[in-house]
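Residue-level listing of the chains:
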Amino acid sequence: MKKDLLIAFSVSLITLFFTGVVYPFLITQIGGSLFPYKTSGSLIKDEQGGVIGSELLRQNFKNPAYFFPRPSAEETNLAPTSKLLITRIQARIAEIKKINTNPIPIDLVTSSASGLDPHISKEAALWQAPQIALHRNVNLKHITALIERLRESPQFYVLGESRLNVLKLNLALDVSFGVPVGGL
Amino acid sequence: MTLNGILQIALLFTTLLFLIKPVGIYLYRVYETPSLFPLFNRLEGKLLNWCCFKPEQQNWKAYLKSLLIFNIMGVAILFCIQRLQPFLPLNPENFQAVPWALALNTAVSFVTNTNWQAYSSEPTMSYFTQMVGLTWQNFVSAGTGMAAFLAFSRGLSRHSTSSQDILLGNFWVDLLRSVFYVFLPGAFIIALLFISQGVIQNFSPTLEITTLEGGRELISMGPVASQEAIKVLGTNGGGFFGANSAHPFENPTPFTNFLQMLSMILIPGALTYTYGKMIQSQKQGWSIFIAMVILSLMGILAIYYFESQLNPLLHGLDLDQTPGNLEGKEVRFGILGSALFANLTTDTSCGATNCLHDSFTPLGGLILLLNILIGEIVFGGVGVGLFNMLLFIIISVFMAGLMVGRTPEYLGKKIEGKEVRFAILSIALYPLIILVGAAISVLSPSALGSLHNGGPHGFSEILYAYTSATHNNGSAFDGLDANTSWYNLSLALAMFVGRFFPIYLGLSIAGLMVNKKIIQPSAGTFPTQGALFIWLLIGVILIVGALTFFPVLAIGPFIEYIDLWQGRSF
């Protein structure tokens, strides 16, 4: 028994050292030197070098001259039969339906699993386009062209869904049509 | 359901099919003929020296004893790391010690390869706890699963001529080989692939940023990629962040999603080939693999279909519901990427989630529950999946023997009363823990207070919690707030018994089987390969595994389904 305990302890220490210390530090070193931008969070910086977000993470947009992302709900994990879910979706519909009379794409009223989903579907972007064109005073054609240009196809033609990154889309709006004034 | 979705399923299973043989052969050589790798031999000599033991063969009792001592010590060390967190390095957010009930639950959870997380990682665990404590157990709990399988299959395939049954191998050697030759190299490659796609790996403190509109937001950081790789490869499933594989820093692109799914089923799938080599019958290995693939495909097609349905309670609203049930799912994965991931994470004992299982349609959620309830033998956890599958095979052979009226045999060895009793006991243990645990919780007002959903779905949340814990899965219907003393302690017990009691029973079967005389197969021997056997096995799994739970599933998901279509909400 004593011998077993001794072996168990030394095996624990050795595996702990190699898997819990050597391995993560090695990955940090190698990963960091190969992909420094990715390991630190794919952070987007402005001209002054301040971080304005990560291209992988959703951020909030309220200004009507920007595309808005999927809602970030306080209460998630709701079942399809949940009253709370139904009223939440109804409230969201009431809030945004004045933007466009067409049916609202489902991703714009449902919350994602992480609450950090940076993407919306192409349908959701096109649905928002008229409002952006209106508030930025540009032709709708230019907005839809921008959406088409920034649309991410399924990876390697098959994996995942066609989608648009909201932060990148809004940054591209600012580059093409200038930073919106006021609005908030 | 779209054509592209079907293509993605086909791509995943084709890739798996091509990898089964090379990985299976590699695993066989690592464990059974290590002399083929001179470098490994030298390393192993050093390791054994450091750990001061001789790699002698163990009988089943000695093997089990080593396994238990190592795992109980693992619980103790992990518990201490969490309690001492404020005094340890790499704690930039200055997190306090983890409360003791939660620390115990988490320690048991990671040691048993469950990775049930009653906490949300971001405001609880320091980088040190996650990296040194949790990542370490991600590796060695997977190694323990492999070791359990190796001892069991050696008991079935080897034959001891003396009465001393000392041919089951050595636990410490099997464990070290798993960690150093299988999981470390595998995780290393996968972690770098993850990083190339955007999974983060750093030690920066949480970043506070000013958004494009001038708002303030927090970005969590940490050494994620290293933990993420072993999380899927070792079918552990405990996320670095609370959102698990839905978090864009854990699973940023559809390709990482694909890679995570492939990693979950790679080793459990390849082990069927390794097993074929061990018993010198590749056909039997492939038969097990085909049974697994058929069961998995049935699951994924059902889930994909149900999750593509519209929610009838949202009819009449000004909505375009074409894609399906997107509540709790990420746009980049879509319905298929979420449904397939959910199916495989419950087929295996992984339990990582890239979508909210709680928000699945009633019947989509039912399949997830069923996948776990039939024993996680469809690929299953690394090692333990095939381990449990072998128990089902013993029962199938026994049933076939009853039907034709002959003494059942498996691999030329007679299956007798004791072995069958142990196998049945192992399978009957699960409903006992799951149903009793769920029943007590349903009767206790304080346990019901943890529910966030009403009606039959609330019941499903509790059922799912005990199912997931007992079968060491670790995924959850997360609406249940499980961080209470009752759930922390009762689920910790469920995880511990659900992990080690079947291992005990399996190893004692191995101890019995290794001493049996080999008899030549005759015309009356039921073949354990080929189409007939595959269908018998699937039938036994579905009847024995699933029917036990039919009543309890009827009052959970089935009633919820009827409610949904009759327009009732809660």
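From a predicted model like this one, the values you see are computed outputs, not experimental measurements. (Residues numbered from 1 in each chain as written. Chains lettered and ligands numbered in written order. Predicted model: local features only at pLDDT ≥ 70, side-chain atom pairs only at ≥ 80, totals over all residues. Heavy atoms only, no water.)

**A few points about the side chain of Thr-106 of chain B**
Residue and element names in this part refer to chain B. If you trace the backbone, Thr-106 turns up in helix 4 (residues 100-111). A relative accessible area of 0% places Thr-106 in the buried class. In terms of polar contacts, Thr-106 uses its side chain to reach the backbone carbonyl oxygen of Leu-102, at 2.7 Å. Residues within four places of Thr-106 in sequence aside, it is in contact with Leu-78, Gln-82, Tyr-119, Met-125 and Leu-134. (Helix = DSSP H or I, 4+ residues; strand = E, 2+ residues; numbered from the N terminus. Buried < 20%, exposed > 50% of the residue type's maximum accessible area, 1.4 Å probe, protein only. Polar contact = N/O pair within 3.5 Å; in protein donor to acceptor, adjacent residues only side chain to side chain. Contact = heavy atoms within 4.5 Å.)

**Let's talk about the nonpolar core**
Ranked by internal contacts, the top residues of the largest apolar core, which has 243 residues, are Phe-183 and Met-389 of chain B. Residue assignment places this core across two domains, with domain 1 (2-39) and domain 2 (47-177) of chain A each supplying three or more. If sequence neighbours within four positions are ignored, Phe-183 of chain B has contacts with Phe-139, Ala-142, Gly-143, Met-146, Ser-178, Ile-230, Leu-233, Gly-234, Ile-267 and Val-382 of chain B. (Core = buried A, V, L, I, M, F, W, Y, C linked by side-chain atoms within 4.5 Å. Domains from an automatic or database assignment.)

**Side note on the interface of chain A and chain B**
Taken together, the contact between chain A and chain B spans 94 residues of the former and 103 residues of the latter. In this assembly, chain A packs against chain B so that about 8100 Å² is buried in total across both faces, 69% of it on carbon and sulfur atoms. The largest per-residue losses of area from chain A upon contact with chain B belong to Tyr-23, Asn-77 and Thr-81 of chain A, which jointly make up 9% of the total buried on that side. For the pair chain A and chain B, the number of links is three salt bridges. Summed over the shared surface of chain A and chain B, the result is 39 residue pairs in polar contact (both at pLDDT 80 or more). Elements with a minimum of two residues in the side of chain A that touches chain B: helix 1 (2-34), helix 2 (36-39), strand 2 (51-54), helix 3 (83-96), strand 3 (104-105), strand 4 (119-120) and helix 6 (166-177) of chain A. Considering each element in turn, the side of chain A that touches chain B owes the most residues, 25 residues, to helix 1 of chain A. For the side of chain A that touches chain B, a count of residues per class yields 48 nonpolar, 32 polar and 14 charged. Judged from the two bridges that link them, strand 3 of chain A and strand 3 (residues 319-320) of chain B form a sheet pairing that is parallel. Paired with Pro-105 of chain A across the bridge in strand 3 of chain B is Asp-320 of chain B. (Buried area = accessible area lost by both parts, 1.4 Å probe. Salt bridge = Lys/Arg side-chain N within 4 Å of Asp/Glu carboxyl O. Nonpolar A, V, L, I, M, F, W, Y, C, P; charged D, E, K, R; others polar. Pairing = 2+ DSSP bridges.)

**Quick word on unusual backbone geometry**
Trans peptide bonds make up most of the peptide bonds, and negative phi angles are found at most residues other than glycine. All names here are of chain A. Within the chain, Asn-77 stands out as a residue other than glycine whose phi angle is a positive 60°. Residue position: Asn-77 is located in the loop between strand 2 and helix 3. Even without a glycine there, the phi angle at Phe-156 is positive, about 50°. Among the secondary structure elements, Phe-156 is positioned in the loop between helix 5 (140-150) and strand 5 (164-165). Residue Phe-156 is classed as exposed on the basis of its relative accessible area of 52%.

**Focus: the confidence of the model for chain B**
Residues at a pLDDT of 70 or more form 99% of chain B, whose mean pLDDT is 93. This complex was scored by the predictor with a pTM of 0.96 and an ipTM of 0.96. (pLDDT = per-residue confidence, 0-100.)

**Here we look at the packing of aromatic side chains**
Each aromatic ring pair is specified by the distance between its two centres and by the angle formed by the two planes. All names here are of chain B. Counting across every chain of the model gives 28 aromatic pairs over all chains. Feature note: the residues Tyr-26, Phe-37, Phe-40 and Tyr-181 constitute an aromatic cluster, connected by ring pairs. The ring of Tyr-28 carries Lys-277 above its face, with NZ or CZ at 5.4 Å from the centroid. Here the guanidinium or amino end of Lys-329 rests over the ring plane of Phe-360, the centre of that ring lying 4.3 Å away. (Phe/Tyr/Trp six-rings, centres within 6.5 Å; stacked < 30°, edge-to-face > 60°. Lys NZ or Arg CZ within 6 Å of the ring centre and 35° of its normal.)

**Topic: helix 10 (residues 334-347) of chain B**
Between its first and last C-alpha, helix 10 of chain B extends 20 Å over 14 residues, near the 20 Å set by a 1.5 Å rise per residue. For helix 10 of chain B, the tally of buried residues reaches 14 of 14 residues, placing the bulk of the element in the interior. (Expected span 1.5 Å × (residues − 1).)

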